[in-house]
Amino acid sequence: MSQVKQNDTVKVHYTGKLTDGQVFDSSVERGEPIEFTMGQGQLIPGFEKGLIDMEVNEKKTINIPKEEAYGEPREELVQEVPKSQLPEEIKPEVGMGLVSKSPDGNEMNLVVKEVKDESIVVDGNHPLAGKDLVFDLEVVEIK
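J.: Give me the nonpolar core: which residues, what numbers.
T.: If you look at the biggest cluster of nonpolar residues, it comprises 20 residues, and the most contacted ones within it are Val-4, Phe-47, Leu-51, Ile-64, Leu-133, Phe-135 and Leu-137. A total of five residues in this core trace back to one element, the largest contributor, which is strand 9 (residues 133-142). Excluding its chain neighbours within four sequence positions, the residues that come into contact with Val-4 are Val-10, Met-38, Leu-51, Ile-52, Asp-53, Met-54, Val-139 and Ile-142. By size, the runner-up hydrophobic cluster in this structure holds seven residues, among which are Val-81, Leu-86, Leu-98 and Ile-120.

Structure below.
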């Protein structure tokens, strides 16, 4: 029976949870496993590490410390932006998602953390930054 190793293309069903059991993402609910090539940095390091040596149809639960997931939140990704810089049609609210485009065309997802009179505070950290994660994994196919 073959086992998952670096550079394999694998199909995996997963359910991602926080340590309190709250599910934040699941391929099972979508009905389609994810397919990716190991070792290309497409997924968080702890996810790929947990798949190494698994066999087809094998299931296991892995715990991923925040250091092998999305890391600690970075203070420099929290910024205050004058409301005058926002498009006129946007009425910012706490929790609202925004996309910022840099001059070189890169997009960054932001979440509004605070709305002040003349400005808003936005956070560009990944929503799961600073959190330890738990994944239920099932290898569906190894190519």
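J.: Break down the packing of aromatic side chains for me, with residues and values.
T.: Taken as a whole and assessed by the stated rule, the structure comprises five aromatic pairs. Ring plane angle 90 degrees and centroid distance 5.0 Å describe the contact between Phe-47 and Phe-135, whose orientation is recorded as edge-to-face. Taken together, the residues Phe-47 in helix 2 (residues 45-51) and Phe-135 in strand 9 connect sequence positions 88 residues apart.

J.: Can you tell me about the sheet that holds strand 8 (residues 119-123), naming the residues and giving the values?
T.: With respect to topology, four strands assemble into an open sheet ordered 5-8-7-6, the strand pairing being antiparallel. Every interior strand has two partners, whereas the edge strands, strand 5 (78-82) and strand 6 (97-101), have only one. Neighbour-to-neighbour, the strand axes of the sheet open up by a mean angle of 45 degrees, direction not taken into account. Across five bridges, the pairing between strand 6 and strand 7 (residues 107-115) is antiparallel. Bridge pairing in strand 7 links Lys-101 to Glu-107.

J.: Pulling in residues and values, what's your account of the layout of surface pockets?
T.: Roughly 270 Å³ of volume is contained in the largest pocket. For the largest pocket, the lining is made up of 15 residues, of which Val-81, Val-99, Ser-100, Leu-110 and Val-122 are closest to its centre. Looking at the second largest pocket, its volume works out to about 170 Å³. Lining the second largest pocket are 13 residues, and of these Tyr-14, Asp-25, Leu-43, Tyr-70 and Phe-135 sit closest to its centre. Looking at side-chain class alone, the lining of the second largest pocket contains ten nonpolar, two polar and one charged residues.

J.: Tell me what's going on with the side chain of Glu-48, and back it up with residues and numbers.
T.: Relative to the helices and strands, Glu-48 is located in helix 2. Of the side chains bearing the opposite charge, Lys-49 lies closest to the buried Glu-48, which forms no salt bridge; the N-O distance is 11 Å. Apart from the residues within four sequence positions on either side, Glu-48 is in contact with Gln-6, Phe-36, Thr-37, Met-38, Gly-39, Gln-40, Gly-41, Gln-42 and Leu-43.

J.: I'd love a proper account of the pattern of salt bridges, names of residues and values included.
T.: According to the stated counting rule, one finds eleven salt bridges in the structure shown. A salt bridge links Glu-35 to Lys-143, with the nearest nitrogen and oxygen atoms 3.0 Å apart. Here Lys-143 lies in the segment after strand 9 and Glu-35 lies in strand 3 (residues 34-37), a separation of 108 residues in the sequence. Take Lys-143: its relative accessible area is 52%, and that puts it in the exposed class. A salt bridge links Arg-74 to Glu-76, with the nearest nitrogen and oxygen atoms 2.8 Å apart. The class of Arg-74 is partly exposed, set by a relative accessible area of 44%. Owing to a relative accessible area of 48%, Glu-76 belongs among the partly exposed residues under this scheme. Salt bridges here are not isolated pairs; linked through shared partners, they connect Lys-11, Glu-35, Glu-141 and Lys-143.

Definitions and limits used
- Residues numbered from 1 in each chain as written.
- Predicted model: local features only at pLDDT ≥ 70, side-chain atom pairs only at ≥ 80, totals over all residues.
- Heavy atoms only, no water.
- Core = buried A, V, L, I, M, F, W, Y, C linked by side-chain atoms within 4.5 Å.
- Buried < 20%, exposed > 50% of the residue type's maximum accessible area, 1.4 Å probe, protein only.
- Helix = DSSP H or I, 4+ residues; strand = E, 2+ residues; numbered from the N terminus.
- Contact = heavy atoms within 4.5 Å.
- Phe/Tyr/Trp six-rings, centres within 6.5 Å; stacked < 30°, edge-to-face > 60°.
- Pairing = 2+ DSSP bridges.
- Axes fitted to C-alpha atoms, helices over the stretch in contact; angles between N-to-C directions.
- 1 Å grid on protein atoms, 1.4 Å probe; cavity = no way out; pocket = protein on both sides within 12 Å on 5 of 7 lines; lining within 4 Å.
- Points joined across faces, edges and corners; volume = space filled by probe spheres on them.
- Nonpolar A, V, L, I, M, F, W, Y, C, P; charged D, E, K, R; others polar.
- Lys, Arg positive; Asp, Glu negative; His and termini not counted.
- Salt bridge = Lys/Arg side-chain N within 4 Å of Asp/Glu carboxyl O.

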